[in-house]
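Understanding the architecture of this molecule
Here is what each chain is made of, one letter per residue.
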Amino acid sequence: MRFSDVVKDVFTTKAYAARTIKEDPLQSFMFRVQLSGMSGELGFTKVAGLSREVAVVEYFENMYEHAHKLPGRESVGEITFEKGMYEDKTYVKEYEKVLGADKNECRHEVIIKILNRFGEVKRTFTLYEAWFSKYEVGDLDSSSDDVIVETLTVQFEYMTCE
């Protein structure tokens, strides 16, 4: 390759500028969770299952050999939250509200904030009409020194993303 070709590449199409921090993808460990009715932000080690999906409705007409595919209703998945267990029984009490007489007390608005590396909120997911459907305690093992992990499964009706 000639020197003139290298210079041409540098000053035309093959020159690459440094990527800025603004263009970096968001990292999965930078998030905060808020639950309506609880003060402050909650600490979790993992949040999984954030999903939305539109059902596919197949519609058949005579004279056509294929199905028409139409968008149907949207559905959402369930979210699981994991955290280390503490003496505090807040999450057990929230789960037990579902079993109680007043079912309206158990519904919350859950806000999940995704942050950039500087702690600035860049995306917010809000889950509406959310309630705990499952509370699980990790394995107890006398030969291990691992932290006990609480897992909470949350159902919700719809979500927004800002």
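Residues numbered from 1 in each chain as written. Predicted model: local features only at pLDDT ≥ 70, side-chain atom pairs only at ≥ 80, totals over all residues. Heavy atoms only, no water.

**A few points about the nonpolar core**
Where we set the bar: For this analysis, a nonpolar core means a set of buried residues of the types Ala, Val, Leu, Ile, Met, Phe, Trp, Tyr and Cys, connected via side-chain atoms within 4.5 Å. Accessibility here uses a 1.4 Å probe with only protein chains present; expressed as a share of the type maximum, an area under 20% marks a residue as buried, one over 50% as exposed, and anything in between as partly exposed. Helical segments are the DSSP runs of H or I of at least four residues, strand segments are the runs of E of at least two, and each set is numbered from the N terminus. Throughout, a contact is declared for two residues whenever any of their heavy atoms are within 4.5 Å.
Counting residues in each nonpolar core, the largest one holds 20 residues, and the members touching the most others are V33, F44, F81, V110, I112 and L127. At the level of elements, β1 (31–35), β5 (79–84), β6 (108–115), β7 (121–137) and β8 (149–155) are the ones that each hand at least two residues to this core. The element that contributes the greatest number of residues to this core is β7, accounting for four residues. Among residues more than four places away in sequence, those in contact with V33 are E41, L42, F44, V47, F81, V110, I111 and I112.

**Digging into the side chain of H108**
Our working definition: Any N or O atom pair separated by 3.5 Å or less is treated as a polar contact, with the protein-specific requirement of one donor-capable and one acceptor-capable atom, and with residues adjacent in sequence counted only for side-chain atom pairs.
Structurally, the position occupied by H108 is in strand β6. Assessed through its relative accessible area of 8%, H108 is described here as buried. A polar contact is formed between the side chain of H108 and the backbone oxygen of S36, at a distance of 2.8 Å. Within the structure, the side chain of H108 is placed 2.5 Å from the side chain of E94, a separation counted as a polar contact.

**So, a nonpolar patch on the surface**
Cut-off, in case you're wondering: The patch calculation keeps residues exceeding 30% relative accessible area without a salt bridge and links them within 9 Å when they carry like charges or within 5 Å when they are nonpolar (Val, Leu, Ile, Met, Phe, Trp, Tyr). Note on areas: Shrake-Rupley with a 1.4 Å probe; residue coverage comes only from the protein chains shown. Salt bridge criterion: a side-chain nitrogen from Lys or Arg within 4 Å of a carboxyl oxygen from Asp or Glu.
A cluster of nonpolar side chains, contributed by V57, Y59 and L70, occupies part of the molecular surface with about 250 Å² of accessible area. Positionally, L70 belongs in strand β4 (residues 68–76).

**A few points about empty space enclosed by the protein**
Our working definition: Space inside and on the surface of the protein is sampled on a 1 Å grid over the protein atoms alone, with a cavity defined as a set of points where a 1.4 Å probe fits but cannot get out and a pocket as an open set with protein on both sides within 12 Å along at least 5 of 7 lines; lining residues have an atom within 4 Å of a point. Grid points are joined across faces, edges and corners, and a volume is the space filled by probe spheres set on the points.
Applying the stated criterion across every chain yields a total of one cavity of 30 Å³ or more. Of the pockets and cavities examined, the largest cavity occupies roughly 80 Å³. Considering the residues around the largest cavity, the lining is formed by V33, L35, L42, F44, F81, Y91, H108, V110, A130, W131, F132 and V154. Listing elements by their share of the lining of the largest cavity, those giving two or more residues are β1, β6 and β7.

**Considering the confidence of the model for the chain**
Note the cut-off: As a per-residue measure, pLDDT reflects the predictor's confidence and takes values from 0 up to 100.
Per-residue pLDDT for the chain averages 86, and the proportion of residues at 70 or more is 88%. Looking at the elements of the chain, mean pLDDT is at its lowest for helix α1 (residues 3–11), recorded as 66, and at its highest for strand β9 (residues 158–161), recorded as 95.

**Topic: the pairing of β7**
The criterion, for reference: In short, DSSP must find at least two bridges between two strands for them to pair.
Where β6 and β7 come together, seven bridges link them in antiparallel fashion. The residue of β7 that forms the bridge with I112 is F125. With four bridges connecting them, β7 and β9 associate as antiparallel partners. Residue pairing in the sheet places T126 in a bridge with T160 of β9.

**Side note on the pairing of β1**
The alternating pattern of β1 places F31, V33 and L35 on a buried face and R32 and Q34 on a face that is not buried. Direction of pairing for β1 relative to β6: antiparallel, over a ladder of five bridges. If you follow R32 over to β6, its bridge partner there is K113.

**Considerations on a negative patch on the surface**
Threshold: The charge count includes Lys and Arg as positive and Asp and Glu as negative, but it does not include His or the ends of the chains. By convention, charge coordinates are those of NZ in Lys, CZ in Arg, CG in Asp, or CD in Glu.
On the surface, D139, D141, D145 and D146 cluster together into a negatively charged patch. Mapped onto the fold, D141 is located in the loop between β7 and β8. Assessed through its relative accessible area of 44%, D141 is described here as partly exposed.

**Concerning the layout of surface pockets**
Defined as follows: All residues other than Ala, Val, Leu, Ile, Met, Phe, Trp, Tyr, Cys, Pro, Asp, Glu, Lys and Arg, Gly among them, are scored as polar; the first ten of these are nonpolar and the last four charged.
Of the volumes computed, that of the largest pocket is approximately 250 Å³. Considered class by class, the residues forming the lining of the largest pocket number five nonpolar, two polar and five charged. Considered as a void within the structure, the second largest pocket measures approximately 200 Å³ in volume. The wall of the second largest pocket is formed by 13 residues, among which S28, F31, V47, I112 and I114 lie closest to the centre. Listed by contribution, the elements that provide at least two residues to the lining of the second largest pocket are β2 (46–48) and β6. In the lining of the second largest pocket, the residues fall into eight nonpolar, four polar and one charged.

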